[in-house]
Amino acid sequence: MDRFEAMSVLLAVVDAGSLSAGSRRLHAPLATVSRRVADLEKHLGVRLVVRTRRGLSLTDEGRSFVAASRRILEELDAAERQASGDDGALRGGLHVTAPIAFGERHLLPIALEFLKEQPDINLRLTLADRQLSLADEHVDVALRIGHLADSALIATRVGAVRRVICASPDYLARRGAPLQPEDLSHHDGISFQGFATAPEWRYRRDGAAFAIEPRPKFAVNTTEAAIQAAIAGIGIIRVLSYQISDQLRSGALHELLTDFAPEPLPVNVIHGPADPLPLKVRCFLDWIVPSLRAQLAY
């Protein structure tokens, strides 16, 4: 058994999400791909993947072996390129994730310029308002907003965003503007449902943090729908500053209770603890970090 080939087949299957999708990616018969994975599992004496209705999932041993296989194959590719005098070129795939609105506004333009500079890199950008597991979903780089819980990940801070309370001029003309956080209990609010995390109705006074919410008037599961409801005068909304910067600038929404605003949330670019870090990941980080810091400076 060619172990390098078997590793490559396994990675193709894992990245594609199923044996059949992996066979299409490799332009190889399904039976051949399935046999390669089975032979590798037999050689190692452990189960690496488990077939499910939705495709397949990795066992604990499979996750460890896939991570090691990526590192080994990337180092082999780098060694071959160095031996052939082509060690300066970047090749391969990158999987990057970020929150939807932030990714569209800040990360996407930078990533597209990176692709123009590196034509042999294939970039998969997953924009989602949930946190993807770097290990389980094979993410190379993630952009996270908020305080980090996983200390095993390597984080580089690129800036911060504010939590903003705002409402439309129409709503404020009808209901008046809250002057103290306590006034919110007499106002209508727009809330989020279906989010793993959402901006909190938190404030600070004399160094102490506290939370007060308006009456729930309208609940929705996308940020854009909530913003449109606020512009229509349905109620007061709490969002992150980058999500409504255009609306604040145009006057469609007015920021409220700025004297009681909580501390900004950190924005970090994170990656796994690989040592050494793959060249393509290091170059991507070197490309995006200075640009994001420039955009988020305030």
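Given the structure is predicted, the values throughout are model-derived calculations rather than measurements.

Trainee: Just give me the short version of the overall build of the chain, but keep the residues and values in it.
Mentor: Within the chain, the secondary structure is distributed over nine helices and 14 strands. Per-residue burial over the chain gives 42% buried out of 298 residues. Pairs at least 24 apart in sequence give 75% of the contacts found in the chain among residues at least 6 apart. Summing over all exposed atoms, the chain offers an accessible surface of approximately 15800 Å²; the carbon and sulfur share of this is 50%. Side-chain charges in the chain split into 35 positive and 36 negative, and the spacing between the mean points of these groups amounts to 5 Å.

Trainee: Quick rundown of the sheet that holds strand β11 (residues 215–220)? Include the residues and the values.
Mentor: The sheet built from five strands is open, its strands ordered β11-β8-β12-β7-β13 with mixed pairing. Since the sheet does not close on itself, it has two edges, and those belong to β11 and β13 (254–256), each with one partner. The sheet shows a mean angle of 40 degrees between the axes of neighbouring strands, direction not considered.

Trainee: Explain helix α1 (residues 3–16) to me, using residue names and the numbers behind them.
Mentor: Structural remark: α-helix, 3.6 residues per turn; residues separated by three or four positions point the same way. The terminal C-alpha atoms of α1, which comprises 14 residues, lie 20 Å apart, in line with the 20 Å expected from a rise of 1.5 Å per residue. Within α1, the full set of buried residues consists of Ala 6, Met 7, Val 9, Leu 10, Leu 11, Ala 12, Val 13 and Val 14. The backbone nitrogen of Phe 4 lies 3.1 Å from a side-chain oxygen of the residue at the head of α1, namely Asp 2. Of the residues one or two after α1, Gly 17 is the one with positive phi, at around 100 degrees.

Quick notes on the rules
Residues numbered from 1 in each chain as written. Predicted model: local features only at pLDDT ≥ 70, side-chain atom pairs only at ≥ 80, totals over all residues. Heavy atoms only, no water. Helix = DSSP H or I, 4+ residues; strand = E, 2+ residues; numbered from the N terminus. Buried < 20%, exposed > 50% of the residue type's maximum accessible area, 1.4 Å probe, protein only. Contact = heavy atoms within 4.5 Å. Areas by Shrake-Rupley, 256 points an atom, 1.4 Å probe, with all protein chains shown as cover. Lys, Arg positive; Asp, Glu negative; His and termini not counted. Charge placed at Lys NZ, Arg CZ, Asp CG, Glu CD. Pairing = 2+ DSSP bridges. Axes fitted to C-alpha atoms, helices over the stretch in contact; angles between N-to-C directions. Expected span 1.5 Å × (residues − 1). Polar contact = N/O pair within 3.5 Å; in protein donor to acceptor, adjacent residues only side chain to side chain.

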